[in-house]
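# Fold and contact review
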Amino acid sequence: MKYIIAVIQPHRLDAVREALAGLGVQGMTVSEVRGFGRQKGQTEIYRGAEYTMQYVPKVKVEIAVAASVADAAVEAIGEAARTGRIGDGKVFVLPLEGAMRVRTGEMGADAL
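On a predicted model such as this, the values are computed, not experimentally measured, just so you know.

Regarding its fold elements, the protein presents two helices and six strands. Taken over the C-alpha trace, the protein has a radius of gyration of 17 Å; the compact-globule value for 112 residues is 13 Å, which it surpasses by more than 25%. The principal-axis extents of the C-alpha atoms in the protein amount to approximately 55 × 25 × 20 Å. In the protein, which comprises 112 residues, the share counted as buried stands at 24%. Residue pairs in contact within the protein that sit at least 24 positions apart in sequence constitute 72% of those at least 6 positions apart. Split by element, the accessible area of the protein, about 7,600 Å² in all, is 51% carbon and sulfur. Put simply, the protein has 14 plus and 13 minus side-chain charges, and the middle of one group is 6 Å from the middle of the other.

Here it is as structure tokens:
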């Protein structure tokens, strides 16, 4: 099993969800987060004054998938989230040692 964390632009969330649903991914956790990468924040103009935002709003998507689906899921996230501009985000893949469905007690890949 693999645990995939994707930090993407908020307006690309629906495209990523649809791409993952097309692969059969049945669940995900979505959080609104703020951060910065190479762009070091962004500058915005509000009522004629220029403001520097230290942290850019992003969305963090977390999914757990079978190892056989992980590469396809990463590819689907990348294609759906890509705009070609700076700040598109990152995808991290970690090994997942175990999982348990609390309601039924199912363990491992059956719990996904």
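What follows continues from the structure just given.
We now examine the packing of helix α1 (residues 13-22) against helix α2 (residues 67-81). The N-to-C vectors of α1 and α2 enclose an angle of 150 degrees; their axes lie 8 Å apart at closest approach. The orientation of α1 with respect to α2, classified from their angle, is roughly antiparallel. As for how α1 packs across α2, the hand of that crossing is right-handed. Of α2, the residues touching α1 (which contributes A15, V16, A19 and L20) are A73, A76, I77, A80 and A81. Of the residues in the contact of α1 with α2, the class split is nine nonpolar, no polar and no charged.

What follows is about the packing of aromatic side chains. We describe a pair of aromatic rings using the distance from one ring centre to the other and the angle between the two ring planes. Taken as a whole and assessed by the stated rule, the structure comprises one aromatic pair. On the basis of an interplanar angle of 45 degrees and a centroid distance of 5.9 Å, the ring pair of F36 and Y55 is categorised as tilted. Separated by 19 residues along the polypeptide, F36 in the loop between β2 (29-35) and β3 (42-46) and Y55 in the loop between β4 (49-53) and β5 (56-65) bring together distant segments of the chain. Under the relative-accessibility criterion, Y55 is labelled partly exposed at 45%.

Core analysis: the biggest nonpolar cluster contains 15 residues, and I4, I8, V16, L20, I63 and I77 have the highest contact counts within it. Of all the secondary-structure elements, those providing two or more residues to this core are β1 (2-8), α1, β5 and α2. Tallying contributions element by element places α2 first for this core, with five residues. With near-sequence residues (within four places) excluded, I4 lies in contact with V61, E62, I63, V65, A70, A73, V74, I77, V91, F92 and V93.

What counts as what
- Residue indices begin from 1 for each chain and proceed along its sequence in written order.
- Residue-level local features of this predicted model are given only where pLDDT is at least 70; pairs of side-chain atoms are given and counted only at 80 or more, and the full residue set underlies all totals for whole chains, interfaces and linings.
- Neither water nor hydrogens contribute to the side-chain values; these are computed over all heavy atoms in the structure.
- Strands are runs of DSSP state E lasting at least two residues, helices are runs of H or I lasting at least four, and both sets are numbered from the N terminus onward.
- The globule rule used here is 2.2 Å times the number of residues to the 0.38 power, and the radius of gyration it is set against is calculated over C-alpha atoms.
- Residue burial is assigned from relative accessible area. The probe radius is 1.4 Å, only protein chains are included, and a residue is buried under 20% of its type maximum, exposed over 50%, and partly exposed in between.
- Every residue pair with non-hydrogen atoms within 4.5 Å of one another is taken to be in contact.
- Accessible surface is estimated by sampling points in the Shrake-Rupley manner with a 1.4 Å probe; for residues, cover comes only from the protein chains shown.
- For this count, His and the chain ends are skipped, Lys and Arg are scored as positive, and Asp and Glu as negative.
- Note on charges: their place is set at NZ of Lys, CZ of Arg, CG of Asp or CD of Glu.
- Only the stretch in contact is used when fitting a helix axis, every axis being a line fitted to C-alpha atoms; angles between N-to-C directions are given from 0 to 180 degrees.
- For classification purposes, angles smaller than 35 degrees are called roughly parallel, those larger than 145 roughly antiparallel, those between 65 and 115 roughly perpendicular, and all remaining angles oblique.
- Whether a crossing is left-handed or right-handed is set by the direction in which the near helix is turned from the far one by less than a right angle, anticlockwise for left-handed and clockwise for right-handed.
- For this scheme, ten residues count as nonpolar: Ala, Val, Leu, Ile, Met, Phe, Trp, Tyr, Cys and Pro. Four count as charged, namely Asp, Glu, Lys and Arg, and the remainder, Gly too, count as polar.
- In summary, the pairing rule links any two rings of Phe, Tyr or Trp, Trp by its six-membered ring, whose centres are within 6.5 Å, and it sorts them by plane angle into stacked for under 30 degrees, edge-to-face for over 60 and tilted for everything else.
- By convention a nonpolar core is built from buried Ala, Val, Leu, Ile, Met, Phe, Trp, Tyr and Cys residues, the set being connected through side-chain atoms within 4.5 Å.

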